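Understanding the architecture of this molecule
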Amino acid sequence: MADVFKGLNLLETLKESVENNKLSDVRDAVEDLLISRINVAVVGDRVQEKASLMNSLRGLAADDEGAAPFPTTADPDEVAGYPNPKHPDFRLWDLPPVSNTSPFEAEGHINKFKFLRYNVVFMTFTQVIHPNCVEVFLEALSLQREAVYFVLLASQTDTEKSLEGKRRASLDVLKSQGVKIPKVYVVRPSTLEKLDFPDLLGDVSKDLPEIRAHALLLALPALTTTLVTQKKEAFKALIWAAASLSGGMSAIPVPLVASMVDSSVAVRILTKAQLSLCLDDESVQRLARQRGIEPSRLKDLRTCVMSVEVTKGEVKKRLAAAEKDLATVSSKLLQMAMPRHARSASRSFAAMLQALNTAVDEMAADAERIVAAALEERK
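The model shown is predicted, which means the values in this text are computed figures rather than measured ones.

Quick notes on unusual backbone geometry
Phenylalanine 70 connects to proline 71 through a cis peptide bond whose omega is 0 degrees. By the secondary structure assignment, proline 71 is in the loop between helix 3 (48-56) and strand 2 (80-83). The omega torsion of the bond from serine 102 to proline 103 falls at 0 degrees, within 30 degrees of zero and hence cis. If you check the backbone angles, lysine 114 has positive phi at about 50 degrees while not being a glycine. With respect to the secondary-structure elements, lysine 114 resides in the loop between helix 4 (106-112) and strand 4 (120-125). Phi is positive for cysteine 278, close to 60 degrees, though the residue is something other than glycine. The residue cysteine 278 is located in the loop between helix 10 (263-276) and helix 11 (281-291) in this model. Exposure remark for cysteine 278: the relative accessible area of 21% places this residue in the partly exposed category.

Put into structure tokens, the structure is as follows:
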């Protein structure tokens, strides 16, 4: 998978906010990343490929609890919502297809289905895009809504040749309707790591506000080892932000557990990391079932205790160990890493940074092994 979040530098953004004493912005960013509040609309005919896409985006198979059903139980004009079982504030919305009637009012369609409430909109189709869909796209652009994308869903019977033919025909429709930079992403819902989904994710990340893009990153399943690495870096930025708040709460060094950003927040961060990296028992068992692998084979790849379960006791133990190890940390390196306002409270900052970064490194290494084993099995 391409380095889809290459253009984003969350850590630098957070550091700038701290240096400018905008701690409320940092607190909001920490909360947004922990919650992953984001709404994605999937527009199009309610075919099996669409249901499969909505399930794959949440790491689910068709027979999993909470999966989008096919055939759908929603009424033709109804909007159906599907929360992510692991990240409840990450929601997918199944929107009906754009009408192919003529005349057609794109503005009326956008208002009826409240397009502006969604962070991302995928306009899906399985054959060739209809001109009315392009009108909706252009209307959305005129309303400063840029995160709208045309997604050609590949079926099991599609070949490389047939997909390319559909893509070319759809690009011709986009050009004829006046789209300046026409793009059609070919996605196979059951294998998102292949075809154009990595490029689609990259463009989504560039079009969304930075915090929202990273919230999406953390809510997506761990599809590839590259995505695992990107999740790890996002968590390290989140840890830095939480640690800087901890360090900035007091002018005198105090143990992290006594600060306002204490072990309970550390537990929240590492629990989010466990779920985002798909390391919990339920996620590992589901992945094993989807790939036809014995669950114990994947579970045995978890070597970090917090990959299996995040407990407050284990977090406190690691924080206490980090406190003892602070004497070995180079003061110069610590000064470089810390925000200026927190340098008088370096103890809590450094303890949280060291303990949580080490934990995330270990958890990400477990996730990489599991994903690599699953992808190897798929080959």
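Quick notes on the confidence of the model for the protein chain
The share of residues in the protein chain with pLDDT of 70 or more is 84%, and the mean pLDDT across the chain is 86. Counting contacts from residues 249-261, a segment whose pLDDT is below 50, to residues more than four positions away or on other chains yields 29 contacts. When the criterion is pLDDT under 50, residues 341-345 qualifies, and its contacts beyond four places in sequence or with other chains add up to 16 contacts.

Quick word on the sheet that holds strand 3 (residues 90-95)
Spatially, six strands are ordered 2-3-1-4-5-6 in an open sheet, and the strand pairing comes out mixed. The outermost strands of the open sheet, each flanked by one partner alone, are strand 2 and strand 6 (185-187). Taking each pair of neighbouring strands and ignoring which way they run, the sheet shows an average axis angle of 30 degrees. Where strand 5 (residues 148-153) lies against strand 6, three bridges are found, and the strand directions are parallel. Considered in strand 6, the bridge of leucine 153 is made with valine 187.

Here's the deal with the environment of aspartate 64
Looking at the secondary structure, you find aspartate 64 in the loop between helix 3 and strand 2. Sequence separation of aspartate 64 and arginine 286 is 222 residues, and the distance between their C-alpha atoms is 8.3 Å. The contacts of aspartate 64, once residues within four sequence positions are left out, are Arg286, Arg289 and Gln290. Polar side-chain contacts of aspartate 64 include one of 2.3 Å to the side chain of arginine 289.

What to know about the environment of proline 97
Looking at the element boundaries, proline 97 is found in the loop between strand 3 and helix 4. On the accessibility criterion, proline 97 (32% relative accessible area) is partly exposed. For the pair proline 97 and proline 76, spaced 21 residues apart in sequence, the C-alpha to C-alpha distance is 8.9 Å. Beyond its immediate sequence surroundings of up to four residues, proline 97 is in contact with Val43, Gly44, Asp45 and His109.

Describing the nonpolar core
Of all hydrophobic cores here, the largest spans 84 residues; its most connected members are Phe122, Leu200, Ile269, Leu270 and Leu356. Take this core: its biggest share by element is 15 residues, from helix 16 (residues 346-378). Excluding its chain neighbours within four sequence positions, the residues that come into contact with phenylalanine 122 are Val40, Ala41, Val42, Val43, Leu57, Tyr149, Val151, Leu200 and Val204. Membership of the second largest hydrophobic core comes to 31 residues, among which are Val136, Val148, Val179 and Val184.

Some points on the pattern of salt bridges
Applying the stated criterion to the full structure yields 20 salt bridges. Two residues, lysine 112 and aspartate 77, come together in a salt bridge whose shortest N-O distance is 3.2 Å. In this pair, lysine 112 is assigned in helix 4 and aspartate 77 in the loop between helix 3 and strand 2, connecting sequence segments 35 residues apart. Residues joined in a network through salt bridges with shared partners are Asp64, Lys86, Asp280, Glu282, Arg286 and Arg289.

Focus: the side chain of arginine 286
Relative to the assigned elements, arginine 286 resides in helix 11. For arginine 286, a relative accessible area of 8% corresponds to the buried category. In this structure, arginine 286 is in contact with Gly59, Leu60 and Asp64, ignoring residues within four places of it in sequence.

What to know about the packing of aromatic side chains
The final tally for this structure, using the stated rule, is four aromatic pairs. Centre to centre, the rings of tryptophan 93 and tyrosine 118 are 6.4 Å apart; their planes meet at 50 degrees, and the pair counts as tilted. Pair noted here: tryptophan 93 is in strand 3 and tyrosine 118 is in the loop between helix 4 and strand 4, with a separation of 25 residues, a long-range link. Seen from their ring centres, tyrosine 149 and tyrosine 185 are 6.2 Å apart, and the 75 degrees between their planes marks the pair as edge-to-face. Remark: tyrosine 185 occurs in strand 6 and tyrosine 149 occurs in strand 5; sequence separation between them is 36 residues. Accessibility classification places tyrosine 149 together with tyrosine 185 in one group, the buried group.

A word on the pairing of strand 2
By the alternation rule, side chains of strand 2 split into Ala80 and Tyr82, which are all buried, and Gly81 and Pro83, of which none is buried. In this sheet, strand 3 lies alongside strand 2 in antiparallel orientation, the contact comprising four bridges. If you follow tyrosine 82 over to strand 3, its bridge partner there is leucine 92. Counted between consecutive antiparallel strands, the loop separating strand 2 from strand 3 contains six residues.

Re the pairing of strand 5
Counted residue by residue, strand 5 has six buried out of six residues, so it is predominantly covered. Both faces of strand 5 are covered, namely the face carrying Val148, Phe150 and Leu152 and the face carrying Tyr149, Val151 and Leu153. Of the pairings in the sheet, the one linking strand 4 to strand 5 comprises five bridges and is parallel in character. Within strand 5, the position partnered with phenylalanine 122 by the bridge is tyrosine 149. In this region the chain leaves strand 4, passes through helix 5 (residues 131-142) and returns to the parallel neighbour strand 5; the handedness of that crossover is right-handed. As for the winding sense of the linkage, the β-α-β connection from strand 5 through helix 6 (residues 160-176) to strand 6 is right-handed.

What counts, and at which threshold
Residues numbered from 1 in each chain as written. Predicted model: local features only at pLDDT ≥ 70, side-chain atom pairs only at ≥ 80, totals over all residues. Heavy atoms only, no water. Helix = DSSP H or I, 4+ residues; strand = E, 2+ residues; numbered from the N terminus. Buried < 20%, exposed > 50% of the residue type's maximum accessible area, 1.4 Å probe, protein only. pLDDT = per-residue confidence, 0-100. Contact = heavy atoms within 4.5 Å. Pairing = 2+ DSSP bridges. Axes fitted to C-alpha atoms, helices over the stretch in contact; angles between N-to-C directions. Polar contact = N/O pair within 3.5 Å; in protein donor to acceptor, adjacent residues only side chain to side chain. Core = buried A, V, L, I, M, F, W, Y, C linked by side-chain atoms within 4.5 Å. Salt bridge = Lys/Arg side-chain N within 4 Å of Asp/Glu carboxyl O. Phe/Tyr/Trp six-rings, centres within 6.5 Å; stacked < 30°, edge-to-face > 60°. Right-handed = clockwise from strand over helix to strand, strands pointing away.

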